[in-house]
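Architecture at a glance
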Amino acid sequence: MKKIVLILLALCAFHITRAHDFGAVSSGKTIYYSITDATNHYVMVVAPRLDFWYDPYVGIERPAGNIVIPSTVTHDGTTYSVTSIDNDAFKDCSGLTGVTIPGTVTSIGNYAFYNCSSLSTLNTSNATSLTSIGNYAFYNCALSSVTISEFVTTIGNYAFANCSSLTTLTTPYNPTSLTTIGEYAFHNCSALTGVRIPYSVTSIGNHAFENCTSLSN
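Residues numbered from 1 in each chain as written. Predicted model: local features only at pLDDT ≥ 70, side-chain atom pairs only at ≥ 80, totals over all residues. Heavy atoms only, no water.

Attention now goes to the sheet that holds strand E9 (residues 121-123). With parallel pairing, 3 strands are arranged side by side in an open sheet as E4-E7-E9. The open sheet has two free edges, formed respectively by strand E4 (65-68) and E9, since each of these has just one partner strand. On average, adjacent strands in this sheet sit at an angle of 15° to one another, irrespective of strand direction. In terms of strand pairing, strand E7 (residues 96-100) meets E9 through 3 bridges, oriented parallel. Bridging across to E9, glycine 98 finds its partner in threonine 121. (Pairing = 2+ DSSP bridges. Helix = DSSP H or I, 4+ residues; strand = E, 2+ residues; numbered from the N terminus. Axes fitted to C-alpha atoms, helices over the stretch in contact; angles between N-to-C directions.)

Right under this line is the structure:
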């Protein structure tokens, strides 16, 4: 019994370990970072805590309103380049209304903006390095239009599913970019009226546009 208690305490202690190395304020909002490459000075945006069983923002104010993810961030005299947005980074941040992705970010992780139910604006106009959008990345968001950067190669499973306000999806005609649209990627996007799919696409997953009841073009 004593051994079981010790194991549970160890697991709890491990669970509450912070996922981030430091936090920094951008546009009045605290964003959390983890150093991924100390030599080349790379960081990724992360949730403030590891998320195994609990809310990663428990006891910590959730980002809300419009946030601008910076291309660089300085901590303890070192300037780091922001290269990715990790899994669960802004999961369940229901007060988040807009996000701007910088040109240094190469990937948006699984569940990164999952259930950000007020997120209506996604600015990727400068995201020239972005190549992948993870599974469930923007699931159940309030986005009305999405423009996929010409450099994105993969849209993950359920990436924009349940975005019921999404009316416009713009993808580039570029034979070297988008190749894969995952399963259920736009499932239940009932307001989506038209989609332009580039000829570079080689795979569209099962049910990718299922229940897109307004899709006519």
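This part covers the packing of aromatic side chains. On inspection of all chains with the given rule, the structure shows 14 aromatic pairs. A centroid spacing of 5.3 Å and a plane angle of 5° characterise the contact between phenylalanine 138 and phenylalanine 160, whose relative ring orientation is stacked. You can see phenylalanine 138 sitting in the loop between strand E10 (132-133) and strand E11 (145-147) and its partner phenylalanine 160 sitting in the loop between strand E12 (154-155) and strand E13 (168-170), a full 22 residues away along the chain. Here the aromatic rings of phenylalanine 186 and phenylalanine 209 are separated by 5.3 Å at their centres, their planes lie at 5°, and the arrangement is stacked. Placement of phenylalanine 186 in the loop between strand E14 (180-181) and strand E15 (194-195) and of phenylalanine 209 in the segment after strand E16 (203-204) is noted, with a sequence separation of 23 residues between them. Assessed through its relative accessible area of 0%, phenylalanine 186 is described here as buried. (Phe/Tyr/Trp six-rings, centres within 6.5 Å; stacked < 30°, edge-to-face > 60°. Buried < 20%, exposed > 50% of the residue type's maximum accessible area, 1.4 Å probe, protein only.)

Mean pLDDT for the protein: 88, with 89% of residues reaching 70 or above. Contacts for the low-pLDDT stretch residues 5-17, under 50 throughout, to residues beyond four places or in other chains number 11 contacts. (pLDDT = per-residue confidence, 0-100. Contact = heavy atoms within 4.5 Å.)

If you trace the backbone, aspartate 76 turns up in the loop between strand E5 (72-75) and strand E6 (78-85). Residue classification places aspartate 76 among the exposed positions, given a relative accessible area of 72%. Along the sequence, aspartate 76 and phenylalanine 22 sit 54 residues apart, while their C-alpha atoms lie 9.7 Å from each other. At 3.3 Å, the side chain of aspartate 76 and the side chain of histidine 75 are in polar contact. (Polar contact = N/O pair within 3.5 Å; in protein donor to acceptor, adjacent residues only side chain to side chain.)

Enumeration according to the criterion identifies 2 cavities of 30 Å³ or more in this entry. Lining the largest cavity we find Ile108, Leu122, Thr124, Leu130, Ile133, Phe138, Val146, Thr147, Ile148, Ser149 and Val152. Looking at side-chain class alone, the lining of the largest cavity contains 8 nonpolar, 3 polar and no charged residues. Its boundaries defined by the atoms lining it, the second largest cavity holds a volume of some 30 Å³. Ile155, Leu169, Thr171, Leu178, Ile181, Phe186, Val195, Arg196, Ile197, Pro198 and Phe209 are the residues that line the second largest cavity. Considering only residue class, the lining of the second largest cavity consists of 9 nonpolar, 1 polar and 1 charged. (1 Å grid on protein atoms, 1.4 Å probe; cavity = no way out; pocket = protein on both sides within 12 Å on 5 of 7 lines; lining within 4 Å. Points joined across faces, edges and corners; volume = space filled by probe spheres on them. Nonpolar A, V, L, I, M, F, W, Y, C, P; charged D, E, K, R; others polar.)

Taken in spatial order, the 3 strands make up an open sheet running E11-E13-E15, and their pairing is parallel. Both edges of this open sheet fall to E11 and E15, since each of them pairs with a single strand only. In this structure, E13 lies alongside E15, joined through 2 bridges in parallel fashion. Across the sheet, residue threonine 168 finds its bridge partner in E15, namely glycine 194.

Moving on, we come to unusual backbone geometry. Phi is positive for asparagine 162, close to 65°, though the residue is something other than glycine. You can see asparagine 162 is positioned in the loop between E12 and E13. What makes asparagine 162 partly exposed here is its relative accessible area of 21%. The backbone of histidine 207 shows a phi angle near 65°, a positive value even though the residue is not glycine. Mapped onto the elements, histidine 207 comes out in the segment after E16. Among the residues examined, histidine 207 registers a relative accessible area of 37% and is labelled partly exposed.

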